[in-house]
Amino acid sequence: MAELDTFREEVRTWLEANCPAAMRTPMGGDDDVCWGGRRFPWQSDDQKLWLQRMAAQGWTVPEWPREYGGAGLSRAQAKVLQQEMARLGCRIPLTSLGIIMLAPALFKFASEEQKREHLPKIARGEIRWCQGYSEPGAGSDLAGLQTTAVDRGDHFLVNGAKIWTSYANLADWIFCLVRTDPKAPKRDGISFLLFDMATPGVSTRPIKLISGASPFCQTFFDDVKVPRGNLVGELNKGWTVAKYLLQHERNMAASVGRGGGGRKQTLEELAKQALGEDNGRLADPVLRHRLARFQVREQAFSLTMQRVGDEMKAGADPGPASSLLKYYGAEVNKERHELRLELGGMDQLGWEGEVFDEGRAARSWLRSKANSIEGGTSEIQLNIIAKRVLGLPDA
Ligand SMILES: Cc1cc2nc3c(=O)[nH]c(=O)nc-3n(C[C@H](O)[C@H](O)[C@H](O)COP(=O)(O)OP(=O)(O)OC[C@H]3O[C@@H](n4cnc5c(N)ncnc54)[C@H](O)[C@@H]3O)c2cc1C
């Protein structure tokens with residue numbers, strides 16, 4: 001305990017000395033999220049400095065072993081770091097599909113050489129990753145994917161197309177599912193490949209969404225040469241890697257909207273401002289009831305996520321229960337945005353202009369609708385829960 005107190009003192013002193021003032025303010029919007037990578041459009045020198053300093057400490061991935069870019073902290077120490085960052089209002093220095101999705105799969109399935117090559121670059125935010133899973137004919141039925149990789153001895157020749165690849169146009173590398181044995185039953189002929197998006201033959205075309213943003217792309221592979229050493233796990237056994245990664249993706253997706261760095265205005269603040277107070281309580285009893293019910297659900301969900309997070313850090317695999325979290329997390333986040341719109345009224349519908357915060361509320365509301373599609377749709381999660389958690393027979 002005394003050791004942990006000393007550690008807390010050290011962390012506090014370090015953060016106070018090293019976290020730039022601008023990185024202790026709430027995030028203004030998606031542009032403030034730091035994704036790192038070779039082409040990241042840095043918002044400020046402070047944003048870059050904060051990432052560099054945290055990465056040098058190993059604190060972007062505090063519990064990873066030091067040889068892979070972490071700090072080798074215990075679970076208790078990592079919690080102290082998290083608490084002290086929250087106390088000072090420090091922004092999360094790096095958000096990364098590499099950390100949340102790919103790294104758990106690399107730790108479990110990659111060779112030592114692959115771990116040493118990729119994990120430290122992920123930890124330092126040097127390489128930004130994207131996920132090449134979905135195809136026009138393979139979303140929920142992911143194992144039906146058609147992108148091929150032909151074995152040419154020292155390399156694979158990849159041809160095909162992916163869709164809905166988030167930030168493919170900004171990513172440096174892709175983790176990609178490819179078909180390496182077209183004759184095998186569909187789940188047995190898939191392999192898991194890593195490759196550089198700058199390889200000749202890779203191209204991307206951004207897709208514009210209802211919210212006005214273009215966060216994802218169609219991604220094309222035209223005779224892309226991928227070195228054989230970039231195969232993770234065994235040839236034709238990529239489905240096992242893919243499924244394991246998906247469980248981590250679903251846990252991550254479950255936590256949408258719980259991001260750090262604080263929000264500009266909480267739902268409660270917005271409600272007080274919009275509805276006024278009556279004897280210290282929100283004036284509108286119906287919305288007051290809905291807000292309270294939402295806050296209880298959100299709190300219960302947040303505590304469950306924390307518990308599952310602790311279990312995973314202690315070595316437990318997320319398993320099919322990650323589908324429960326993914327499903328419920330999507331519902332909670334959609335309800336949060338519905339409430340924000342209802343509480344704020346017409347003002348929340350503004351689409352452009354400073355007075356409407358450039359349409360942040362309305363655009364985020366529209367974006368939240370995708371929560372029950374990305375990472376596997378809600379219907380698919382309910383199928384998994386029915387079969388693998390509740391043990392119900394096929395319909
Ligand atoms: C914001 C966002 C980001 C994404 N990012 C990525 C990414 O980075 N990389 C990537 O590879 N993919 C990404 N995706 C794609 C995502 O994984 C797929 O959209 C998702 O798996 C659904 O596939 P689909 O769109 O082909 O829909 P379909 O599979 O065609 O489903 C259409 C509808 O049918 C329902 N349905 C299908 N099968 C069943 C069934 N067996 N039982 C009941 N209902 C069923 C679905 O629930 C859905 O409502 C992203 C999607 C979104 C929305």
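Look a little higher up for the structure.
Residues numbered from 1 in each chain as written. Predicted model: local features only at pLDDT ≥ 70, side-chain atom pairs only at ≥ 80, totals over all residues. Heavy atoms only, no water.

Enquirer: Whenever I open this one, the packing of helix α6 (residues 238–254) against helix α8 (residues 285–313) confuses me. Can you help?
Expert: What describes two packed helices is the angle between their axes and the distance between those same axes. The geometry of α6 relative to α8 is characterised by a closest axis approach of 11 Å and an angle of 150° between their N-to-C directions. Looking at the two axes, α6 sits roughly antiparallel to α8. The handedness of the crossing between α6 and α8 is left-handed. Packed against α6, whose contacting residues are H248, N251 and A254, the element α8 presents F301, M305, V308 and M312 at the interface. (Axes fitted to C-alpha atoms, helices over the stretch in contact; angles between N-to-C directions. Helix = DSSP H or I, 4+ residues; strand = E, 2+ residues; numbered from the N terminus. Parallel < 35°, antiparallel > 145°, perpendicular 65-115°, else oblique. Left-handed = near helix turned anticlockwise from the far one by under 90°. Contact = heavy atoms within 4.5 Å.)

Enquirer: Would you mind going over the environment of G276 with me for this structure?
Expert: Note on placement: G276 falls in the loop between α7 (267–275) and β9 (277–278). C-alpha of G276 to C-alpha of K334: the two residues are 58 residues apart in sequence and 24 Å apart in space.

Enquirer: Would you mind showing me how to read the site of the ligand here?
Expert: As a structural note, the neighbourhood of the ligand is formed by 19 residues, with S134, S140, W164, T377 and E379 the closest of them. Here S134 contributes a backbone N or O atom positioned 2.6 Å from an oxygen atom of the ligand. In the model, an oxygen atom of the ligand is placed 2.6 Å from a nitrogen or oxygen of the S140 side chain. In the complex, 66% of the free accessible area of the ligand, which totals 980 Å², lies under the protein chains. Broken down by secondary-structure element, the contributors of at least two residues to the shell around the ligand are β3 (155–166) and α11 (378–389). For the shell around the ligand, the per-class residue count stands at 6 nonpolar, 10 polar and 3 charged. (Near = heavy atom within 4 Å. Polar contact = N/O pair within 3.5 Å; in protein donor to acceptor, adjacent residues only side chain to side chain. Areas by Shrake-Rupley, 256 points an atom, 1.4 Å probe, with all protein chains shown as cover. Nonpolar A, V, L, I, M, F, W, Y, C, P; charged D, E, K, R; others polar.)

As far as function goes, none of this settles anything; it's purely spatial.
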